There are 4 protein chains.
Amino acid sequence: MNTFGTLFRLTTFGESHGPAMGAVIDGCPSGVPLTTAQVQAALDRRKPGTSALVTARKEPDQVELLSGVFQDKTLGTPIGALVRNTNQRSQDYATLATEDRPGHADAVWRERFQHRDPRGGGRTSGRETLCRVIGGAVAEALLARDVPKLSLVAWVSQVGPVVAGPVTPTRAQVDAHPTRCPVAAAAAEMERRILEAKAAGDSLGGSIDLRVDGVPVGWGEPVFGKLKATLAQALASIGAVTGVTWGLPGGMKDLERSGLDFHRAPATGASAVYGGIQGGLSNGEPLELRVFFKPPATLAQHAKEGRHDPCILPRAVPVVEAMAALVLADAHLLQCARPHQA
Amino acid sequence: MNTFGTLFRLTTFGESHGPAMGAVIDGCPSGVPLTTAQVQAALDRRKPGTSALVTARKEPDQVELLSGVFQDKTLGTPIGALVRNTNQRSQDYATLATEDRPGHADAVWRERFQHRDPRGGGRTSGRETLCRVIGGAVAEALLARDVPKLSLVAWVSQVGPVVAGPVTPTRAQVDAHPTRCPVAAAAAEMERRILEAKAAGDSLGGSIDLRVDGVPVGWGEPVFGKLKATLAQALASIGAVTGVTWGLPGGMKDLERSGLDFHRAPATGASAVYGGIQGGLSNGEPLELRVFFKPPATLAQHAKEGRHDPCILPRAVPVVEAMAALVLADAHLLQCARPHQA
Amino acid sequence: MNTFGTLFRLTTFGESHGPAMGAVIDGCPSGVPLTTAQVQAALDRRKPGTSALVTARKEPDQVELLSGVFQDKTLGTPIGALVRNTNQRSQDYATLATEDRPGHADAVWRERFQHRDPRGGGRTSGRETLCRVIGGAVAEALLARDVPKLSLVAWVSQVGPVVAGPVTPTRAQVDAHPTRCPVAAAAAEMERRILEAKAAGDSLGGSIDLRVDGVPVGWGEPVFGKLKATLAQALASIGAVTGVTWGLPGGMKDLERSGLDFHRAPATGASAVYGGIQGGLSNGEPLELRVFFKPPATLAQHAKEGRHDPCILPRAVPVVEAMAALVLADAHLLQCARPHQA
Amino acid sequence: MNTFGTLFRLTTFGESHGPAMGAVIDGCPSGVPLTTAQVQAALDRRKPGTSALVTARKEPDQVELLSGVFQDKTLGTPIGALVRNTNQRSQDYATLATEDRPGHADAVWRERFQHRDPRGGGRTSGRETLCRVIGGAVAEALLARDVPKLSLVAWVSQVGPVVAGPVTPTRAQVDAHPTRCPVAAAAAEMERRILEAKAAGDSLGGSIDLRVDGVPVGWGEPVFGKLKATLAQALASIGAVTGVTWGLPGGMKDLERSGLDFHRAPATGASAVYGGIQGGLSNGEPLELRVFFKPPATLAQHAKEGRHDPCILPRAVPVVEAMAALVLADAHLLQCARPHQA
């Protein structure tokens, strides 16, 4: 299914080498301030070609809002958005028409759909994530209006063996470095490793941390729509993601702690072990999640031309934020739908 | 929401200290062999009171099938199932009526629902998972008829600091030890630690591994219903789960490997790094997931009376299997719904 | 699918000749006053055996609330409700095991499900509607708390050739006559015709009118969830319903009127031609719908024993009300989920 | 909600006076032959400006397929389609910015969304239906591949007081006359009345009949997704529709018949009284529905310029067909998803 969400719903379409990518956001209330520039700014954060660390492909990715917005406010009708694919260069992929790319899902898709799009990765391409970023930009606009205290930031916390220590950065601090790691020393080392991998036609995985402050108490829908469950689905639906954890400030080491130790409230009064979620609902503390990415499979040919991402994590940061924003916008509307007696 | 699934749908109801727990399974095709004994056997695997390792509470948990089955075959109509709560002992909880239990979600639920059920954990209780096991039993019955090669087994792979090495056990081998860890040495050490924790009124977390053999190629619904995404949601919706990973046979260490190393096909030809999922779809190899559980919060009072689970992992094994079976039964029906040209 | 609704959701199960009928209502907010007696009262209104006009079958239909309610208030968790089938007399149906009942859907269901339940109509039985009445009772409880001005009443407006003129009755006025037609002269004539049909082993169809006052402006979800569309689905899902119209105070004759005449505001200022719905949304005027029922198919054998309903309309009145209440409760919650800027 | 369907899903967006209208069809299997020309041909059937009977507005309505189709076959990925709005002439509507149009839903939408799009009808405009026709074209392509015997045709059966008798036309016969009534004498009289209404700035309603041959036995999802219920929702979601009936070959007069008469199999062996649906499922006989339309509200100003449809029924015929095709394509996939034992 290419639709995500219950009330705040994102539907996406488009193959990486077809004419266009598109997104439809349904369920956004009316009156939310929203401009094309705002959505474009979000897209620019995931755009390729912005540093030596990421693919050299040029994709202008200009978004056009086709509906649902009038005079910079949402109408309450579905918001259609379009990005033309201008740099498909599907000739690059000509030789792929008959053979599957190692490490890619080509064989699996051919079996499932009884064909494989010879133009390229189609819906498995990372390019599909730009539709998520469009949806996330609208979700953030709604949250900014209705829950102004909420702030959501993701950053690169690990690249290969390089791990950044705990930090609570702003989005500006994250964007200040091309690795999107806000810890200077770790960022420098990550950068070195990524350039090394790039030169070697190699690639690196790692993790992204997500922190959301200001989530009201009680968001989430027991028992199958617990906040942690919808966040897990949202994040696991991103192509290269290979795991998600929440809480566990000490990482996997926390699992070795006994219950009396684990549940002991820290001196600060915070209980970060829960990652901001208890009983499946937000508990008023910061949401803290970690998303794991495997290193991308690469094609020697593309590697030679610099047309691949040796490490997708820097560009995945806005995608992680977008998926979280979509979940939270939906949780917000669902919470509104449970009126309590006056 | 208390419904899970798109075509094969489980709806659950019941509070731990109310009259009964119930499950409705909708969307199961007709003609699937199913007996009450079969469902009861599944429930008995998660029943408390079966060893010194788990809570001493006695809950007979007798299931009654109210609809959807006739002469030991499904009718194609919704299957209603009921388990009466016979051992609520809510007087134990009398003192809780006015104060929140530390480490529990009481405060969060009170904020959300503007009340808290003084009888106990209600829907946040582990008791809610028995409805999942009922659903899982029906899902397994459908899979057994339609995809007989599919086999699904989960086991305890870590308890506190004790980690069991790689293994591919049968369900019988898992059930042979009260820890549900099929690696003898690790199991013995886990048992020792759990009894120790029990004596100390303490508790332990850890991880459960899940392996599914025989999944046909191509199951899953791109892009938001990728198999890994629905599995992540399903498993993350279990109360104490604090993380999910797939692939990563070497654990978190795998994230440090470079792409050329990570994607290199092992000598066996298998590519376990993908955990059986590529492009979001099953790739024909075994599904391999790991589910992380935090140690349960305990109440001194309950600990004193032996009425708590010092380690919920042994009893969580059938719950993990049930959630996976529900996802796979749904994926199977969704795959049927995509007819290819003859 | 056996689930109805988006946020306020009713799931039903149970075959007419199985052990029990059940309903699960999910999505009802917490704190809504609700008693078993209230639900029972709703069920009693559709109970058979209450007058000479309806089937002589005795079905006590005692409801038990299994979850979701505590101390006469909803908990915000799913409400499970159960009614045991005590008077199945499936021996009556023994001879049916091998032959299809004329006018019934037996052949169709056998083709669809590759079997036919020899015990009776199963899910096609009118008995299935009691689960809808349970759901409707909860929906009305929510509406009574949150939209106290809303009042919803249905009545029999036609039986065979006997048509009752326009009327705006209370529910008490409707229940005052066994036909549930509040127009005395028409009711008497309907009664005569029904008894005549009963004596002849015959049956009668007709129509039920539905009026809802006090619906706030703007309920409904464009473009596919327009209020008239979900009402049409809800009412058309009732077994014997063969049509639905809204507006058209003059009946089908209104279709012959020209637009300038049709849209001319009546002297009263009301615009009943719209049936309370414009642009798919409630417009603040009374909702007015008409639901058409075909005469039920009868079995000579049952007719002989008085075990059939010569006219189901009197007993269908609470079912029509229940389906409308479910739609409106859902529309209310969906409307809550669209917060406007303060 | 702007999405329709469970497995075969249509999502639409676009305001009548915004930049574009769009449709996303998700869930269509791969390998279905589909060309842009095919979709364009469907759109051309609802296009305005084709005869003196309909609005003189020129809307070229050129569709562009943006995704999901490659080399004239569906890919199994979502199909995005776009139609630019080229003839908005919103200056016509300039005067409307501050006052509501009588007979339109302006006031209702303003209350609901706390604003009204001064550019025109937005999502309540009949222009929204072109997205349905795009979806219907894809649905018909799927049905043509998988259920080739199925044929679906709708026609105008009543305009104002002019009623066409029973007929079973082909689509070509329907399109042969600008009224889309295949009964010559009635068509001529309808044409005369429509031109008369046009000259008078008046409008006319009526009914459209729908007949589907070749529907396999057993389609539909009890109990809330009965085929008649989803068809009723689909058709009732069309703007001007004010009622739907099925069966009742003799019209409302059939409701006066007694059961023994009603259910008596006609000499032909057909049982048209059921409209092809029993127990909520297709019974193998032709589906027969009737859809009622109120006369459109008109604006004197538009009437003067010929920029309104005095009778929308001729242009609504392909919309009725599209909605039915969407329901049937979905029912087909849902039926595939219920595998029976081999």
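Owing to the predicted nature of the structure, the values given are computational and were not obtained by experimental measurement.

What follows concerns the overall build of chain A. From N to C terminus, chain A includes 9 helices and 14 strands. Taken across its 342 residues, chain A has 65% of its residues classed as buried.

A separate point is unusual backbone geometry. Residue and element names in this part refer to chain A. The peptide bond linking Pro222 to Val223 adopts the cis configuration, its omega dihedral lying at -5°. As for its placement among the helices and strands, Val223 is situated in the loop between strand E10 (206–213) and helix H6 (227–236). Positive phi is not limited to glycine here, since Asp61 has a value of about 50°.

Between chain B and chain A, the superposition needs a rotation of 180° and an axial shift of 0.0 Å, giving an RMSD of 0.0 Å. The relationship between the two copies is best expressed as a two-fold rotation axis. Of every C-alpha in chain B, the one belonging to Gln233 of chain B sits nearest the axis of rotation, 2.4 Å from it. Taken as a fraction of all interface residues of chain B, those also at the interface in chain A reach 100%, which identifies the copy contact as same-surface.

Here the focus is the pairing of strand E8 (residues 151–159) of chain D. Residue and element names in this part refer to chain D. Counting buried residues in E8 gives 8 out of 9 residues, a clear majority hidden from the surface. When E8 meets strand E10 (residues 206–213), the two strands line up antiparallel, connected through 8 bridges. Bridging from a neighbouring strand, Gln158 pairs with Ser207 of E10. Both E8 and strand E9 (residues 162–163) contribute to a ladder of 2 bridges, which runs antiparallel. Among the inter-strand pairings, Gln158 is bridged to a residue of E9, identified as Val163. Counting the residues in the hairpin turn of E8 and E9 gives 2 residues, including Gly160, whose phi is positive at 55°.

Our focus in this paragraph is the interface of chain B and chain A. Listed per partner, the contact involves 82 residues of chain B and 82 residues of chain A. Looking only at chain B, the three residues that lose the most surface to chain A are Met1, Arg112 and Phe224 of chain B, adding up to 15% of its buried area. Our count for the chain B to chain A interface comes out at 2 salt bridges. A salt bridge links Glu221 of chain A to Arg112 of chain B; its shortest N-O distance comes to 3.1 Å. Across the contact surface, chain B and chain A share 49 residue pairs in polar contact (both at pLDDT 80 or more). Counting residues per element, the side of chain B that touches chain A draws most heavily on strand E11 (residues 241–246) of chain B, at 6 residues. In terms of residue class, the side of chain B that touches chain A is made up of 37 nonpolar, 32 polar and 13 charged. In this sheet, E11 of chain B lies alongside strand E11 (residues 241–246) of chain A in antiparallel orientation, the contact comprising 3 bridges. Its bridge partner being in E11 of chain B, Val244 of chain A is matched across the sheet by Val244 of chain B.

Okay, the sheet that holds strand E10 (residues 206–213) of chain C next. In spatial order, the strands read E9(C)-E8(C)-E10(C)-E14(C)-E11(C)-E11(D)-E14(D)-E10(D)-E8(D)-E9(D); together these 10 strands make up an open sheet with antiparallel pairing. The sheet is open, and its two borders are formed by strand E9 (162–163) of chain C together with E9 of chain D, each paired with just one other strand. Of the strands in this sheet, E8, E10 and strand E14 (287–293) of chain D are in contact with helix H9 (residues 313–336) of chain D, which crosses E8 of chain D at around 145°.

Most of helix H6 (residues 227–236) of chain B is tucked away: 9 of the 10 residues are buried. Here H6 of chain B has its buried residues at Leu227, Lys228, Ala229, Leu231, Ala232, Gln233, Ala234, Leu235 and Ala236 of chain B.

Contacts between the two partners involve 36 residues from chain A and, on the opposite side, 36 residues from chain D. The contact between chain A and chain D buries some 3,000 Å² in all, and 62% of this surface belongs to carbon and sulfur atoms. Looking at the side of chain A facing chain D, the largest losses of area belong to Phe13, Leu66 and Leu75 of chain A, adding up to 18% of the total buried there. Measuring nitrogen to oxygen at the nearest pair gives 2.8 Å for the salt bridge that ties Glu64 of chain D to Arg84 of chain A. Contributions of two or more residues to the side of chain A that touches chain D are made by strand E2 (9–13), strand E3 (20–26), strand E4 (63–65), strand E7 (79–84) and helix H2 (106–113) of chain A. Top element by residues in the side of chain A that touches chain D is E2 of chain A. It accounts for 4 residues.

Let's shift gears to the confidence of the model for chain A. Residues with a pLDDT of 70 or more make up 88% of chain A, whose mean pLDDT is 89. Interface predicted TM-score (ipTM) for the complex: 0.94; the corresponding pTM is 0.96.

Let us now look at the relation of the copies chain A and chain D. For the match of chain A to chain D, the screw axis carries a shift of 0.0 Å, the RMSD comes to 0.0 Å, and the turn is 180°. A share of 100% of interface residues in chain A that are also interface residues in chain D marks the association as one of identical surfaces.

With that settled, the discussion passes to the side chain of Thr77 of chain D. Here Thr77 of chain D shows up in the loop between strand E6 (73–74) and strand E7 (79–84). Among the polar contacts listed, one links the side chain of Thr77 of chain D to the side chain of Glu15 of chain A, at a separation of 2.7 Å.

Take the pattern of salt bridges next. Taken as a whole and judged by the stated rule, the model has 92 salt bridges over all chains. With a shortest N-O distance of 3.1 Å, Arg257 of chain A and Asp254 of chain A are connected by a salt bridge. Taking relative accessible area as the criterion, Arg257 of chain A reaches 23% and is therefore assigned partly exposed. Note that Arg193 of chain D is salt-bridged to Glu189 of chain D, the shortest N-O span being 3.1 Å. With Arg193 of chain D and Glu189 of chain D both in helix H5 (residues 184–199), this residue pair falls 4 residues apart, about one helical turn. Relative accessible area serves as the criterion here: at 26%, Glu189 of chain D is assigned to the partly exposed category. One continuous salt-bridge network, built from bridges that share partners, spans Arg45, Glu140, Arg171, Asp175, Arg180 and Glu321 of chain A.

About the cut-offs
Residues numbered from 1 in each chain as written. Chains lettered and ligands numbered in written order. Predicted model: local features only at pLDDT ≥ 70, side-chain atom pairs only at ≥ 80, totals over all residues. Heavy atoms only, no water. Helix = DSSP H or I, 4+ residues; strand = E, 2+ residues; numbered from the N terminus. Buried < 20%, exposed > 50% of the residue type's maximum accessible area, 1.4 Å probe, protein only. Least-squares fit on C-alpha atoms with pLDDT ≥ 70 in both. Contact = heavy atoms within 4.5 Å. Pairing = 2+ DSSP bridges. Buried area = accessible area lost by both parts, 1.4 Å probe. Salt bridge = Lys/Arg side-chain N within 4 Å of Asp/Glu carboxyl O. Polar contact = N/O pair within 3.5 Å; in protein donor to acceptor, adjacent residues only side chain to side chain. Nonpolar A, V, L, I, M, F, W, Y, C, P; charged D, E, K, R; others polar. Axes fitted to C-alpha atoms, helices over the stretch in contact; angles between N-to-C directions. pLDDT = per-residue confidence, 0-100.

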